[in-house]
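Each chain, written out:
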Amino acid sequence: MPRVALITGITGQDGSYLSELLLDKGYTVHGLKRRSSTFNTERVDRIDVHPRHPDARLFLHYSDLTDPASLTNLIRDIAPDEIYNLGAQSHVRVSFDIPGYTADVTGLGALRLLEAARAADVGCRFYQASSSEMFGATPPPQREDTPFHPRSPYACAKVYAYWSAVNYRESYGMYCANGILFNHESPRRGENFVTRKITRAVARIEAGIQDKLHLGNLDAVRDWGYAPEYVEAMWLSLQQDQPGDYVVATGEGHTVREFVEAAFAHVGLDWRDHVTIDPRYFRPAEVDALIGDYSRARRALGWAPKTLFADLVRVMVDADRQLLEDERAGRLVRVDR
Ligand code: NAP
Ligand code: GDD
């Protein structure tokens, strides 16, 4: 029998890459989609075989991390071997504007899913998408035993979810693993995260349809990796004899300014001609520097990053140039589901 996975957040950046990975490994994949007045399944539509197709192995279900009954019903119905909880209100700046909603989805949502898995009693393994944001103000390098000091409603919610997963492991013997992932990016990154905002703008400025790029704090240091490699670590963390928690990172730190400089330089432009600072993008509390020590993941999972900073910038800028070209030529066709 093929193994069965349930992914919350399947319509997001990581969910789409994880679906592809699991389908390649022969899994049947179920994902949770939210009701929205606009289409929100674009990232998975491109890999989907329509559910009516006899070979279909990817299925989307309406549910929500705020709705416990739908989570319990879904887990009972599909009896997954593995659950990946990637669903979240994942934008740090936005979490200051909607702290209650962020706590509900990103924090309590994890608890609801753990409880639904426990109640369904189907013996599944559970992956919690934890975040380097939990380290917050604690200086780098950060690893699994570095103390948390969250600096946003989002990070506070992720700390709650992290400890809930540990608690279900210790209280009920459930196989729960936390992946403490540092920033990871790709051409599928949401357009209001800083890397994608920059690469999209670079493509548009090069094409002459945008002039300025408005950014916030350029001094923040982040450890940026490549998302398709990070979902492999998620899967590996559920394949071990014993459950554990793992930092997943590149070990390299770069400022936002360095990212901007490299992205503009890739198309032969000087970033100083186009970037302006807009205080609206500053955060009430900033996380100054995140750089991960992924030694445990390397030792226990055999995982290591392959795509580092310069290649990541190039891949993302080139993908946005191509996307813009396709949009302008009318080559993008939405899949009708
Ligand atoms: P993303 O692109 O923002 O995707 C978030 C996903 O969560 C989307 O599928 C979204 O659905 C879904 N979601 C939002 N609210 C929900 C709700 N109420 N109920 C159910 N689903 C909901 O995030 P990502 O970059 O793929 O990250 C995946 C996970 O890893 C997130 O939990 C994030 O916090 C965490 N993480 C990310 C990074 C990173 O650098 N990317 C690093 C560490 C941890 P819609 O598509 O309908 O909005
Ligand atoms: N989004 C954004 N937009 N960030 C900006 C901007 C801007 O215009 N200008 C500067 N920044 C700075 C932010 O202040 C932050 O220091 C840094 O760029 C990165 O911001 P984001 O790309 O929004 O990511 P993040 O680090 O806050 O959060 C991401 O990574 C976390 C893991 O560390 C998200 O993916 C989280 O969900 C994830 O947990």
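Located above this text is the structure these notes cover.
First things first, this report covers the structure right here in the doc. (Residues numbered from 1 in each chain as written. Chains lettered and ligands numbered in written order. Predicted model: local features only at pLDDT ≥ 70, side-chain atom pairs only at ≥ 80, totals over all residues. Heavy atoms only, no water.)

A closer look at the overall build of the protein
Thought 1: Counting its regular elements, the protein contains 11 helices and 13 strands.
Thought 2: Counting every position in the protein, which comprises 337 residues, the buried fraction comes to 53%. (Helix = DSSP H or I, 4+ residues; strand = E, 2+ residues; numbered from the N terminus. Buried < 20%, exposed > 50% of the residue type's maximum accessible area, 1.4 Å probe, protein only.)

Describing the site of ligand 1
Thought 1: The local shell around ligand 1 holds 26 residues, among which Thr11, Arg34, Asp64, Ser90 and Tyr154 are the closest.
Thought 2: The side chain of Thr11 places a nitrogen or oxygen atom 2.6 Å from an oxygen atom of ligand 1.
Thought 3: Between ligand 1 and the protein, one listed contact pairs a nitrogen atom with a side-chain N or O atom of Arg189 at 3.2 Å.
Thought 4: In the complex, 90% of the free accessible area of ligand 1, which totals 900 Å², lies under the protein chains.
Thought 5: Mapped onto the shell around ligand 1, the elements with two or more residues apiece are α1 (13-24), α5 (99-120), β5 (125-131) and α6 (153-172).
Thought 6: With 3 residues, the top contributor of residues to the shell around ligand 1 is β5.
Thought 7: Among the residues forming the shell around ligand 1, the class breakdown is 10 nonpolar, 11 polar and 5 charged. (Near = heavy atom within 4 Å. Polar contact = N/O pair within 3.5 Å; in protein donor to acceptor, adjacent residues only side chain to side chain. Areas by Shrake-Rupley, 256 points an atom, 1.4 Å probe, with all protein chains shown as cover. Nonpolar A, V, L, I, M, F, W, Y, C, P; charged D, E, K, R; others polar.)

Section: the site of ligand 2
Thought 1: Near ligand 2 there are 24 residues, and of these Ser131, Ser132, Tyr154, Arg283 and Glu286 occur at the shortest range.
Thought 2: The separation between an oxygen atom of ligand 2 and a polar main-chain atom of Ser90 is 2.7 Å.
Thought 3: Contact between ligand 2 and Asn183: an oxygen atom at 2.6 Å from a side-chain N or O atom of the residue.
Thought 4: Notes on ligand 2: free accessible area 710 Å², of which the protein chains cover 96%.
Thought 5: Of all elements in the fold, only α7 (194-206) and β8 (213-215) reach the threshold of two or more residues within the shell around ligand 2.
Thought 6: Tallied by class, residues from the shell around ligand 2 come to 9 nonpolar, 9 polar and 6 charged.

Examining the packing of aromatic side chains
Thought 1: Considering all chains together, one arrives at 11 aromatic pairs under this definition.
Thought 2: A centroid spacing of 5.8 Å and a plane angle of 85° characterise the contact between Tyr294 and Trp303, whose relative ring orientation is edge-to-face. The same class applies to Tyr294 as to Trp303, namely buried.
Thought 3: Each residue in the set Phe135, Phe148, Tyr162, Trp163 and Phe182 is aromatic and connected to the rest through ring pairs, giving one cluster.
Thought 4: Stacked on the ring of Tyr172, the Lys or Arg Arg118 has its end atom at 4.4 Å from the ring centre. (Phe/Tyr/Trp six-rings, centres within 6.5 Å; stacked < 30°, edge-to-face > 60°. Lys NZ or Arg CZ within 6 Å of the ring centre and 35° of its normal.)

Looking at the pairing of strand β6 (residues 176-181)
Thought 1: Counted residue by residue, β6 has 6 buried out of 6 residues, so it is predominantly covered.
Thought 2: The side-chain alternation of β6 yields two buried faces, one formed by Cys176, Asn178 and Ile180 and the other by Ala177, Gly179 and Leu181.
Thought 3: Bridge count for β5 against β6 is 6 bridges, and the pairing is parallel. Directly across from Ser130, in β6, lies its bridge partner Ile180.
Thought 4: For the handedness criterion, the β-α-β arrangement of β5, α6 and β6 is classed as right-handed.
Thought 5: Of the strand pairs in this sheet, β6 and strand β11 (residues 245-248) are connected by 4 bridges, and their pairing is parallel. The partner of Ile180 across the bridge, within β11, is Val247. (Pairing = 2+ DSSP bridges. Right-handed = clockwise from strand over helix to strand, strands pointing away.)

Focus: the pattern of salt bridges
Thought 1: Counted according to the given criterion, the structure contains 21 salt bridges.
Thought 2: We note a salt bridge from Arg222 to Glu133, for which the minimum N-O separation is 3.8 Å. Here the residue Arg222 occupies a position in strand β9 (residues 221-222), and Glu133 occupies one in the loop between β5 and α6, the gap between them amounting to 89 residues. We note that Arg222, like Glu133, is buried.
Thought 3: Between Glu286 and Arg222 there is a salt bridge whose closest N-O contact spans 3.6 Å. Here Arg222 lies in strand β9 and Glu286 lies in the loop between β13 (275-277) and α10 (295-301), a separation of 64 residues in the sequence. (Salt bridge = Lys/Arg side-chain N within 4 Å of Asp/Glu carboxyl O.)

Concerning the state of the cysteines
What makes a disulfide is a covalent bond joining the sulfur atoms belonging to two cysteines.
Thought 1: Tallied over the full model, the rule gives 0 disulfides.
Thought 2: Cys176 takes part in no disulfide bond, and the closest cysteine sulfur to it belongs to Cys124, at a distance of 8.5 Å. (Disulfide = S-S within 2.5 Å.)

A look at the pairing of strand β1 (residues 4-8)
Thought 1: Most of β1 sits out of view: 5 of its 5 residues are buried.
Thought 2: Here β1 shows no split at all, with Val4, Leu6 and Thr8 on one side and Ala5 and Ile7 on the other all buried.
Thought 3: Handedness of the crossover joining β1 and strand β2 (residues 28-33) through α1 is recorded here as right-handed.
Thought 4: Relative to strand β4 (residues 82-85), β1 runs parallel, the two being bridged by 4 bridges. Counted as the bridge partner of Leu6 is Ile83 from β4.

A few points about unusual backbone geometry
Phi is mostly negative for residues that are not glycine, and the peptide bonds are mostly trans.
Thought 1: A cis amide bond, omega 0°, links Pro140 with the succeeding residue Pro141.
Thought 2: The topology assignment puts Pro141 in the loop between β5 and α6.
Thought 3: At Ala79, a residue that is not glycine, the phi angle is positive and equals roughly 40°.
Thought 4: By the secondary structure assignment, Ala79 is in the loop between α3 (68-78) and β4.
Thought 5: According to the relative accessible area criterion, Ala79 is partly exposed, its value standing at 37%.

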